[in-house]
2 protein chains.
Amino acid sequence: MSGPGSFKNQTMSKTGNRAAILECISTAGKIARVDIAKVTGINPATVTAMTSDLLEEGIVEALPDEEKQNTKRGRPQVKLCLNSKAFILAGAKISEDAITVAIIDFAGNQISEYVREGNSFSISKEQLAENLKEAISAAIANTDFYLSDISALGVGVPGYVDIASECVHWSPAISDTPTNFVKTLRSVFDFPVMLDNDVNLATLAEQRFGLGKGVSDFLVVTIEHGVGMGIVLNNNLFRGTRGLGGEFGHTKVQLNGALCRCGQRGCLEAYVADYALLREADTAFKFKTSHDLPTGQRLAALYQEAKSGNQAALSIFERAGRMLGMGLANLVNIFDPSLIIFSGERMQYDFLYEKDVLEELRKNTLDIDRPPPEVRVHKWGDLLWAKGAAAWATEYVIHQVVAKTNAC
Amino acid sequence: MSGPGSFKNQTMSKTGNRAAILECISTAGKIARVDIAKVTGINPATVTAMTSDLLEEGIVEALPDEEKQNTKRGRPQVKLCLNSKAFILAGAKISEDAITVAIIDFAGNQISEYVREGNSFSISKEQLAENLKEAISAAIANTDFYLSDISALGVGVPGYVDIASECVHWSPAISDTPTNFVKTLRSVFDFPVMLDNDVNLATLAEQRFGLGKGVSDFLVVTIEHGVGMGIVLNNNLFRGTRGLGGEFGHTKVQLNGALCRCGQRGCLEAYVADYALLREADTAFKFKTSHDLPTGQRLAALYQEAKSGNQAALSIFERAGRMLGMGLANLVNIFDPSLIIFSGERMQYDFLYEKDVLEELRKNTLDIDRPPPEVRVHKWGDLLWAKGAAAWATEYVIHQVVAKTNAC
């Protein structure tokens, strides 16, 4: 994306520099001034002046660089990091059966976590907002802080979220869509609320805390109640040119194929998501577990069936694997990424069909003289999604700080 | 891609500024200094200083702005454009039966064009280089210039081209791939040669001269011997994070589907490209035209069959349309673009299946409360591809000029 053919629309106002420096420090964790200048391309003198202001304002703090303390030359180099005490941020991940909350400080350290069990999908936006408030309040009650100390909240919901218009076009979590759910949340909380598609925030979590740390371009694929994708291009979360891209789960793998819960046919999700696997299980053999059990338990039972050699159960995972491999191959043919991260809790079932996924991926991508993209699996639960949401609240505060204190 | 979640790696060295100013002028055609500052985000004083140098060096020239001449205030505003006399550039598009060449000046005005008939696919790289030299020589012979006056040549070939390694991994045009075809071309020409996938250069042509002018994000889809895609994101041609993305024609629309000429199964191309349509025609009914005829003529005959109501011929175009619509829907679900341009010569057959394409596209994309992306059709032949190749040579020269004259 550089050299001939590239033309970046570069904006380098003071606001832009300040935000770029803060985001650079936030992404790096801790970083020397000279490296901030290198990474951002901002003049070293400007970096020095602006970080002085940020230190004085208590937004950034200086740490002696342990690695460099024993060098002979001059005074010891210091590294800068966000001042952990500057702000408290909250993040929440809404899933079918729980709301998971993380409270972090400005430097990204976790202060508290809380899981509010007993959420259910397709409830009213008002009820969901109340459930969220309960969860956040319980999470902050475990700490020395009050609800009013929170500077911003990031919330991840499954579904189609347009962050520009704040519109949730559709979500399995909310019964009354399309709706401006942020407006509802604003009436419940006294601090700013940032809403996004949960997979985008999981991607942010991978970038800040996970396998995507330090990688400029990668894809995150999540499989749980649905199939999601996050796209990082040139260190940016790419949301589609109009804000609603990355709908990997609704790319079609079969003309007029299986019915998807979105109402369309042939979506990848209709072959590999939780509900698709369980639907198949219902058809193919007498599925022993009750329909009243939570999805996770039903899926675990199906997984046990497959593991103990039930051919029908095995074939369900096998087809899912092949369809997923085909869908992934399409992403590789389009993006040519160096890294794909399979991320989320369901990755525990992956090994059942991993071979099929990777084989189909290999068969369907361009065969050239270099290695295919690396595929890494990251098994983790809702907490990291919540931390991703909190990281997004951090970015919001960074931009607010910049806006508030921008003198010129 | 801006606001929270965005972190641009901004490099603003003097080289970068000079290149950004020149590319801005090149893209705009003619533009006032104040607007250069706005578009590039470069300080107005820096723009004034740098454009003075460029004027003095004869790379840029100043034109009185006709629109502003009648305003009352002060001296008349001038607009800057690239100095047409500064450089001569050549571009070539290699297709199955011809090599098409465009010679342009530095401002993008066409000086000469030439079509060398009688090319054929899958010939040796040396033979292809000789054919190219013949074509370029014939094109320049129509002008007041000599071959040695050409500053750079852009060449578009179908296939998989990695511009970083200069490797043509596979191309229907060249028999001995993988190969460094640029190296072969360098041994034939005395000026720099830029090679790229032909669809990327068609996309550049749409951006510089066509329907993509002034649009920051769009997709270009071409259907001819193969199915290609060009991706423009934030004014940049996106080549995939490792340089080999955008292979839309080889995204899979059917697990284990029709055999593609790439050797894989279920590629979109295997349903909608020229050879796929003709292969179907061979099977479904006695196809009247000889196999010895060029592809274009055979396709024209098939098109006539469909137009005159042959149901088998019609069903060939119908299925192609539905598969194409499904493939496009996948792009929309991933990129959420505002504009898709159907580009190229084959678009003349489009109206036969346009309804099916658009219907399938609509059925398979997210149904939200805003219009689907605009789909525009641009029918043109190989000459505009060649101009796109020449525009790429222009960008190369812009970067060379910057490198050569960059004092600090």
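Right above here is the structure, for reference.
Here is a short report on the structure shown in this document. (Residues numbered from 1 in each chain as written. Chains lettered and ligands numbered in written order. Predicted model: local features only at pLDDT ≥ 70, side-chain atom pairs only at ≥ 80, totals over all residues. Heavy atoms only, no water.)

### Thoughts on the overall build of chain A
1) Next: For chain A, the count of helices and strands is 12 helices and 16 strands.
2) Next: Within chain A, the fraction of its 408 residues that count as buried is 58%.
3) Next: A separation threshold of at least 6 residues defines the contact pool for chain A, and within that pool the share at least 24 residues apart is 62%.
4) Next: When the accessible surface of chain A is split by element, carbon and sulfur atoms take 49% of a total near 16,200 Å². (Helix = DSSP H or I, 4+ residues; strand = E, 2+ residues; numbered from the N terminus. Buried < 20%, exposed > 50% of the residue type's maximum accessible area, 1.4 Å probe, protein only. Contact = heavy atoms within 4.5 Å. Areas by Shrake-Rupley, 256 points an atom, 1.4 Å probe, with all protein chains shown as cover.)

### Some points on the packing of aromatic side chains
All names here are of chain A.
1) Next: One pass over the full model with this rule turns up 9 aromatic pairs over all chains.
2) Next: Between phenylalanine 87 and phenylalanine 106, the ring centres sit 4.9 Å apart and the planes meet at 70 degrees, which makes this aromatic pair edge-to-face. Of the two residues, phenylalanine 87 is situated in the loop between strand E3 (78-82) and strand E4 (88-94) and phenylalanine 106 in the loop between strand E5 (98-105) and strand E6 (110-117); the sequence distance between them amounts to 19 residues.
3) Next: Where tyrosine 160 meets tryptophan 170, the ring centres are 5.7 Å apart and the plane angle is 45 degrees; that geometry is what we call tilted. (Phe/Tyr/Trp six-rings, centres within 6.5 Å; stacked < 30°, edge-to-face > 60°.)

### A word on the pattern of salt bridges
All names here are of chain A.
1) Next: Within the structure shown, the criterion is met by 21 salt bridges over all chains.
2) Next: Between arginine 18 and glutamate 57 there is a salt bridge, with the nearest N and O atoms lying 2.7 Å from each other. With arginine 18 in helix H1 (residues 14-28) and glutamate 57 in the loop between helix H3 (44-56) and strand E2 (60-64), the pair connects residues that are 39 residues apart, well separated along the chain.
3) Next: For glutamate 57, a relative accessible area of 38% puts it in the partly exposed group. (Salt bridge = Lys/Arg side-chain N within 4 Å of Asp/Glu carboxyl O.)

### So, the state of the cysteines
Residues and elements named next belong to chain A.
1) Next: In this structure the tally under the stated criterion is 0 disulfides over all chains.
2) Next: Cysteine 24 supplies the cysteine sulfur nearest to cysteine 81, a cysteine that is in no disulfide, at a spacing of 13 Å.
3) Next: Looking at cysteine 167, it has no disulfide partner, and the nearest cysteine sulfur is the one in cysteine 262, 17 Å off.
4) Next: For cysteine 167, a relative accessible area of 11% translates into the label buried. (Disulfide = S-S within 2.5 Å.)

### Let's talk about the sheet that holds strand E8 (residues 160-162) of chain B
Residues and elements named next belong to chain B.
1) Next: On the basis of which strands lie adjacent, the open sheet formed by 3 strands has the order E8-E9-E10 and antiparallel pairing. Here the strands that pair on one side only, and so sit at the sheet edges, are E8 and strand E10 (179-180).
2) Next: Where E8 meets strand E9 (residues 167-170), 3 bridges bridge the pair, whose relative direction is antiparallel. Bridge pairing in E9 links aspartate 162 to cysteine 167. (Pairing = 2+ DSSP bridges.)

### Section: the nonpolar core
1) Next: Core analysis: the largest hydrophobic core is formed by 88 residues, its most contacted members being Leu328(A), Phe335(A), Leu328(B) and Phe335(B).
2) Next: With residues near it in sequence (within four places) discarded, Phe335(A) still touches Leu219(A), Ile231(A), Leu233(A), Phe238(B), Gly240(B), Thr241(B), Gly245(B), Ile334(B) and Phe335(B).
3) Next: In terms of nonpolar packing, the next biggest core, distinct from the first, is built from 33 residues, Ile21(A), Leu22(A), Ile42(A) and Leu204(A) among them. (Core = buried A, V, L, I, M, F, W, Y, C linked by side-chain atoms within 4.5 Å.)

### With respect to helix H6 (residues 198-209) of chain A
All names here are of chain A.
1) Next: An ideal rise of 1.5 Å per residue puts 16 Å on 12 residues; H6 measures up with 16 Å between its terminal C-alpha atoms.
2) Next: Extensive coverage of H6 is indicated by the burial of 11 of its 12 residues.
3) Next: Listed as buried for H6 are Asp198, Val199, Asn200, Leu201, Ala202, Thr203, Leu204, Ala205, Glu206, Gln207 and Arg208. (Expected span 1.5 Å × (residues − 1).)

### Some points on the sheet that holds E3(A)
Residues and elements named next belong to chain A.
1) Next: Strand order in the open sheet formed by 3 strands is E1-E3-E2, with antiparallel pairing between adjacent strands. Only two strands of the sheet have a single partner each, and these edge strands are strand E1 (30-32) and E2. Taking each pair of neighbouring strands and ignoring which way they run, the sheet shows an average axis angle of 40 degrees.
2) Next: Together, E1 and E3 form the strand contacts of helix H2 (residues 33-40), whose direction differs from that of E1 by roughly 95 degrees.
3) Next: Here H3 sits on the sheet and contacts E2 and E3; the angle it forms with E2, its principal contact strand, is near 100 degrees. (Axes fitted to C-alpha atoms, helices over the stretch in contact; angles between N-to-C directions.)

### Digging into the pairing of E6(A)
1) Next: Where E5(A) lies against E6(A), 7 bridges are found, and the strand directions are antiparallel. Note on E6(A): the bridge partner recorded for Ala102(A) is Glu113(A).

### So, the pairing of E5(A)
Residue and element names in this part refer to chain A.
1) Next: In terms of burial, E5 is a largely internal element, 8 of the 8 residues being buried.
2) Next: Of the two faces of E5, the one carrying Ala98, Thr100, Ala102 and Ile104 and the one carrying Ile99, Val101, Ile103 and Asp105 are both buried.
3) Next: The pairing of E4 with E5 spans 7 bridges and is classified as antiparallel. Directly across from alanine 90, in E5, lies its bridge partner isoleucine 103.
4) Next: Linking E4 back to E5 in an antiparallel pair, the connection comprises 3 residues.

### A closer look at helix H3 (residues 44-56) of chain B
All names here are of chain B.
1) Next: The terminal C-alpha atoms of H3, which comprises 13 residues, lie 18 Å apart, in line with the 18 Å expected from a rise of 1.5 Å per residue.
2) Next: All of the buried residues along H3 are Val47, Met50, Thr51 and Leu54. With its buried residues spanning 100 degrees around the axis, H3 presents them on a single face. Residues Ala45 and Glu56 are exposed on H3 and point more than 90 degrees away from its buried face.
3) Next: One side-chain oxygen at the N-terminal end of H3 lies 2.8 Å from the backbone nitrogen of alanine 45; it belongs to asparagine 43.
4) Next: Immediately downstream of H3, the backbone of glycine 58 shows phi near 80 degrees, a positive value. (Arc of directions from axis to C-beta. Polar contact = N/O pair within 3.5 Å; in protein donor to acceptor, adjacent residues only side chain to side chain.)

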